[in-house]
Amino acid sequence: MEQLIINGGKRLNGTVSVSGAKNAALAIIPASILCKDVCIIENVPCVNDISVLLDAMIELGVKVNYIDEHTIRIDARKINTIRVNYEHINKIRASYYLLGALLGRFNEAEVALPGGCNIGNRPIDQHIKGFEALGAEVSIEHGMINAKTDKLVGSNIYLDVVSVGATINIVLAAVLAEGLTVIENAAKEPHIVDVANFLNSMGADIKGSGTDTIKIHGVKKLHGTQYMMIPDQIEAGTYMVAGVITGGDVTVTNLIPKHMEAISAKLKEMGVGIEELDEGIRVFMKEPLKSLHVKTLPYPGFPTDMQPQITALLATIKGTSLMTEGVWENRFQYTDELNRMGANIKVEGSTAFITGVNGLTGAEVTSTDLRAGAALVLAGLAAEGQTVINHTDYIDRGYEHIEIKLQKLGANIYRATAAENKKELFKVM
Ligand code: EPZ
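The model shown is predicted, which means the values in this text are computed figures rather than measured ones. (Residues numbered from 1 in each chain as written. Predicted model: local features only at pLDDT ≥ 70, side-chain atom pairs only at ≥ 80, totals over all residues. Heavy atoms only, no water.)

> So what exactly am I meant to see when it comes to the overall build of the protein here?
When you go through the protein residue by residue, the secondary structure sums to 15 helices and 24 strands. What you see for the protein is a C-alpha radius of gyration of 22 Å, in line with the 22 Å of a compact globule of 429 residues. Along the three orthogonal principal directions, the C-alpha set of the protein runs to about 65 × 45 × 45 Å. Within the protein, the fraction of its 429 residues that count as buried is 57%. Look at the contacts in the protein between residues 6 or more apart in sequence, and 73% of them connect residues 24 or more apart. Surface exposure of the protein reaches about 16,700 Å², of which carbon and sulfur atoms provide 51%. (Helix = DSSP H or I, 4+ residues; strand = E, 2+ residues; numbered from the N terminus. Rg over C-alpha atoms; globule rule 2.2 N^0.38 Å. Buried < 20%, exposed > 50% of the residue type's maximum accessible area, 1.4 Å probe, protein only. Contact = heavy atoms within 4.5 Å. Areas by Shrake-Rupley, 256 points an atom, 1.4 Å probe, with all protein chains shown as cover.)

> Is there a simple way to explain the packing of aromatic side chains in this structure?
A ring pair, where both rings are aromatic, is described by two values, the distance of the centres and the angle of the planes. Taken as a whole, this structure holds 3 aromatic pairs when the rule is applied. Taken together, a centroid distance of 5.3 Å and an interplanar angle of 80 degrees make the contact between Tyr 96 and Tyr 97 edge-to-face. The same class applies to Tyr 96 and to Tyr 97, which are both buried. Centroid distance Phe 198 to Tyr 227: 5.5 Å. Interplanar angle 75 degrees. Geometry classified as edge-to-face. Placement of Phe 198 in helix α7 (residues 190–201) and of Tyr 227 in strand β14 (residues 225–228) is noted, with a sequence separation of 29 residues between them. Each member of the pair Phe 198 and Tyr 227 is classed as buried. (Phe/Tyr/Trp six-rings, centres within 6.5 Å; stacked < 30°, edge-to-face > 60°.)

> Can you walk me through the packing of helix α1 (residues 22–31) against helix α4 (residues 97–106) in this structure?
Axes are the key here: two packed helices are described by the angle between their axes and the distance separating the axes. For the pair α1 and α4, interaxial distance at closest approach is 9 Å and the crossing angle is 25 degrees. By the angle class used here, α1 and α4 are roughly parallel. In the crossing of α1 with α4, the sense of the turn from one axis to the other is right-handed. For the pair α1 and α4, contact is made by Leu 26, Ala 27 and Pro 30 and by Tyr 97, Leu 98 and Ala 101, respectively. Here the contact of α1 with α4 is built from residues that sort into 6 nonpolar, no polar and no charged. (Axes fitted to C-alpha atoms, helices over the stretch in contact; angles between N-to-C directions. Parallel < 35°, antiparallel > 145°, perpendicular 65-115°, else oblique. Left-handed = near helix turned anticlockwise from the far one by under 90°. Nonpolar A, V, L, I, M, F, W, Y, C, P; charged D, E, K, R; others polar.)

> Please clarify how the site of the ligand should be interpreted in this entry.
What surrounds the ligand is a group of 24 residues, the closest being Ser 163, Val 164, Gly 165, Asp 305 and Val 327. In the environment of the ligand, an oxygen atom lies 3.0 Å from a nitrogen or oxygen atom belonging to the side chain of Arg 122. At the level of elements, α1, α5 (125–133), α6 (164–174) and α12 (370–382) are the ones that each hand at least two residues to the shell around the ligand. Partitioning the shell around the ligand into residue classes produces 12 nonpolar, 6 polar and 6 charged. Residue-level mapping places the shell around the ligand at the junction of two domains, with at least three residues from each of domain 1 (2–19 + 231–428) and domain 2 (22–228). (Near = heavy atom within 4 Å. Polar contact = N/O pair within 3.5 Å; in protein donor to acceptor, adjacent residues only side chain to side chain. Domains from an automatic or database assignment.)

Next comes the structure, spelled out in structure tokens:
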């Protein structure tokens, strides 16, 4: 098992470039099978979730080639099954976008039911509500979701919960349906707009993405396209916090400032220096930081995927801060690991009470999910002494070459297998 080893306490300085948005790629890649043609997708992040998804697509009969590290060619002309097995869903839940894409193309799909995960039970009732509204018969047997219909017909769908996944999955099933589909109370995340733009570049007719009402006029056919994906707002936010938590001066480039508004606003409220550049944001220290209250909400609210990272920062700021998780019911598991590094965080229901401490201390810790792992990296960068992070596989699901990007900012961080690291420790002793 690989570990990340961090010798903390170094101020980060310099420029880091953001990779493509993981959560956009996880939807855009399956969307490409809606056309019997070739799609070229650029700015795809080099992260584990994407390789797992591409494996699932190859199993369906899709031809996938890497043109370069961040550009893939997808040829979905020949697909020989509508079934996606458990092994793929078990590795990444977002394979459930294949449900909407296969249903949209073939009027039929069989995809393993995704399980829960470390941040909540993650139901898919709203996805199913949308497919049924479009005329599909949906049943769940033996852990498989079966969706089938003679014809998909546009419909009005009101989402009872603002759901990114359900919004995207319904769009995927509706683009080739007959007539108009209106999704109300839709999610508005930047990657939803990116998926809609990708599909429109294939000849779809989607309007209103990024608002809470999305209108999809079904079309007969889609064609191939060449498309550049948006940068990852959460990766960008994570590196902004890396600059702040180490008291450094970091410019995060290749981002879309508009997507960063909620994150920049909260950092500014804390007293962080923020300079907006054309394609980047510079964070720097200008005064002692202030504790505050953060509540995570669907976009354009403060993103839940930045919650652990900001909590790690608040743990180092004098005073008592509150972090209220408004999206997931169980997204504070990582705080036990932060407390093992000297943080003082108490969780009651959906709120974490964070009493800032003078400094964190390095420890051996384990990441419980992707963003929890990112929070532990940030805490390790700020902590005095060495931090060893286990389960880096979680982190690699959503952060491209994280240790290399941080090394370029001056961090003392490296990747080791547990065995190598034991030898290293003996050497030190
Ligand atoms: C996406 O998950 C992201 N994953 C998550 O990021 C992110 O935390 C989440 O959106 C919220 O922004 C991907 O895009 C692959 P939801 P998703 O459906 O689509 C409830 C990361 O770290 N709900 O918007 O699964 C659900 O329980 C990951 O990159 C239903 O009740 O999230 C939750 O409370 C972690 N019924 C809320 O909606 C449903 O049918 C939001 O979930 C669907 C969701």
